[in-house]
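Residues per chain, in single letters:
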Amino acid sequence: MLGVTVKQERPDLEEKMQKLIVEDADNKRQLKEIEDSILELLAKAEGNILDDAILIETLSQSKITSNKIEKAVAAAMKVKATISKARQSYEVVSFRVSQLFFCIADLASVDSMYQYSLEWYINLFLLAIGEAETSKKLDVRLQSLIDTFTKVLYTNVCRSLFEKSKLLFSFLMCTKIMTGEKRMLSTDLRYFLSGNTAVDLAEPNPNNTGTLWLENKAWGDILGLGECNKVFAGIADDIKSNLNDWQQIFESSVPLNAIKARYPKLEALQQLMILRCLRPDKTVPQLTEFIAAQIGPEFVDPPSFNLKVSYDVSTCETPIMFILTPGADPMTVLLRLADEMEMNDSSKLLSISLGQGQGPRAEEAISRGRDKGLWVCLQNCDLGESWLPTLEKTCEEITAKNTHADFRLWLTTMPFPKFPVSGLQNGVKMTLEPPRGMRQSLQGSYVMIEPDWLETSSNPKALKKLVFALCFFHATVSERSKFGPLGWNIPYDFSIPDLSISLDQLKLFVDEYELIYTVRYKFYAP
């Protein structure tokens, strides 16, 4: 990564370094040829070697050439030292980039669809270099490169993760950054994740009478804290001596605040370690605040679904994949983008649903699209498992040299382990599922709506108010459905396609009626 960084920021240094490497290899080759030539002449020499004029001349010439090469090597070493010193300034950037690569590499163990190649990662880094703020001050530029790439990586990877994995990815980034900056001990992190692995308790549980609020598992984890880090020495004795105080902490609605007040000198992760021992159910919600405090609030606020952004970072060589959940309909958002890009035409957007016997049709559509710069959408790739090896081979053959620049290959699939790895690693992936929370749900609904669509209404003011009410209702229904029978006594699905149809119908009604009546409801307490 250091070479990639220097090549973009200081191409002159990288060019000199590459030139020195070539010259050094050439000098070594010449010395080897001279040695081989001398050895060959010595092996063939007969009689007194001092009488062999050719050998003597070769030795003399070899000595002159060898001296020249040694001087060139010495000069090259000085230049190389200067270049290496200049390159070291960019090591802080390459270190951060190298560290974060292992965050996305670890995601493959979470879900088989979370796979990314080194080539994709480097291209993302090059994109971040172009977006970073320029400055004549090297320190400012380096920090801008670090901050921009970290944010770009988070944004692009989050688009391809399901909601359940986004907080995990934020935590992975946070721990990698803090470990690299020496702000977190690896032993503390390991204990935070695994807890105490001892089977038997080193000391008996002090909470053996009255209300049994301290479980043996929690007490064992507390005892292990002292062995993990010396800063926790005495915490077990504190609990034994002040059992009632710690019971109040345990029963508190916000126990972390009480832990911070009792141990203010501990670092943030160490306070979370105590919380994990006592109240593991409160630990995950507190991770959001921990990540926001350590690396910034923008890393706990995933970007809303935006197909245009994903399209902008794609090329004709990279397939664009929708990774779906039940009930998701990517064609609605794809057709909206096609309208915007003037590709919403049956001759420009070819859509095929994969299944039995659809492979040849898909191959023919891809071939046409590559030649004429069309969009090809292959739906339900998980249903065409037998044809996927052909798709993988076709994608590997697509290059910028043999494909129209406007060509795009869109793929939709449910998660399944046999999807081609090369497509997952090099493609632009997006997950499409209901967002979590009212705020994200409203943002996702608004992304679907084009400003021009609102303004073309005969009564845009009334339409905007009704659209807000409809989107808010959609978000409420979606959120309540997550609570099972507590939300709705029967399952009810108000999907994104349902919302899209409702919006279109709402606009028809607004345009049809001249008067829009506003009904105000008043709620009175019983």
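Given the structure is predicted, the values throughout are model-derived calculations rather than measurements. (Residues numbered from 1 in each chain as written. Predicted model: local features only at pLDDT ≥ 70, side-chain atom pairs only at ≥ 80, totals over all residues. Heavy atoms only, no water.)

Q: Describe unusual backbone geometry, and please don't skip the residues or the numbers.
A: The phi torsion at Lys-182 lies on the positive side, around 60°, for a residue other than glycine. Position of Lys-182 among the secondary structure elements: in the loop between α7 (163–180) and α8 (186–194). Within the chain, Glu-342 stands out as a residue other than glycine whose phi angle is a positive 60°. The topology assignment puts Glu-342 in the loop between α16 (330–340) and β2 (349–353). (Helix = DSSP H or I, 4+ residues; strand = E, 2+ residues; numbered from the N terminus.)

Q: Describe in detail the sheet that holds β2, supporting the description with residues and values.
A: A sheet is described by the order of its strands in space; here five strands give the open sequence β2-β3-β4-β1-β5, paired in parallel fashion. Of all the strands in the sheet, just β2 and β5 (428–432) have a single pairing partner and so form its edges. Within the sheet, the average angular offset between the axes of one strand and its neighbour, ignoring direction, is 15°. Sheet topology places strand β1 (residues 320–324) next to strand β4 (residues 408–413); four bridges connect them, and they run parallel. (Pairing = 2+ DSSP bridges. Axes fitted to C-alpha atoms, helices over the stretch in contact; angles between N-to-C directions.)

Q: So, the pattern of salt bridges: which residues are in play, and what are the values?
A: Any two side chains of opposite charge can pair if their charged atoms end up close together. Applying the stated criterion across every chain yields a total of 17 salt bridges. The partner of Asp-36 in a salt bridge is Lys-32, and the shortest N-O contact between them spans 3.1 Å. Here Asp-36 pairs with Lys-32, and both are found in helix α2 (residues 11–44), just four residues apart, close to one helical turn. The class of Asp-36 is partly exposed, set by a relative accessible area of 37%. Lys-32 gets classed as partly exposed once you look at its relative accessible area, which sits at 45%. Asp-221 serves as the salt-bridge partner of Lys-217, at 3.0 Å between the closest nitrogen and oxygen. Of this pair, Lys-217 and Asp-221 both sit in helix α9 (residues 216–228), four residues apart, which is roughly one turn of that helix. Through salt bridges with shared partners, a single ionic network connects Asp-26, Arg-29 and Glu-33. (Salt bridge = Lys/Arg side-chain N within 4 Å of Asp/Glu carboxyl O. Buried < 20%, exposed > 50% of the residue type's maximum accessible area, 1.4 Å probe, protein only.)

Q: Run through the nonpolar core, naming residues and quoting values.
A: Grouped together as the largest cluster of nonpolar side chains are 98 residues, with contacts concentrated most on Ile-104, Phe-169 and Leu-378. In this structure, Tyr-311, Cys-377, Val-428 and Met-448 belong to the second largest nonpolar core, which totals 19 residues. (Core = buried A, V, L, I, M, F, W, Y, C linked by side-chain atoms within 4.5 Å.)

Q: Please set out empty space enclosed by the protein residue by residue, giving values where relevant.
A: The full count for this structure, using the stated rule, is one cavity of 30 Å³ or more. Empty space within the largest cavity amounts to approximately 30 Å³. What lines the largest cavity is Arg-336, Met-448, Ile-449, Glu-450, Trp-453 and Leu-503. Class assignment for the residues of the lining of the largest cavity results in four nonpolar, no polar and two charged. (1 Å grid on protein atoms, 1.4 Å probe; cavity = no way out; pocket = protein on both sides within 12 Å on 5 of 7 lines; lining within 4 Å. Points joined across faces, edges and corners; volume = space filled by probe spheres on them. Nonpolar A, V, L, I, M, F, W, Y, C, P; charged D, E, K, R; others polar.)

Q: Provide a residue-level description of the layout of surface pockets, including the pertinent values.
A: Considering only enclosed or pocket space, the second largest pocket measures out at about 680 Å³ in volume. Taken together, 33 residues line the second largest pocket, and the ones lying closest to its centre are Trp-120, Asn-123, Thr-318, Asn-426 and Gly-427. Only α5 (118–131), α6 (138–158), α15 (307–312), α18 (388–397), α19 (421–426) and β5 provide two or more residues apiece to the lining of the second largest pocket. Looking at the lining of the second largest pocket, the element that brings in the most residues is α5, giving five residues.

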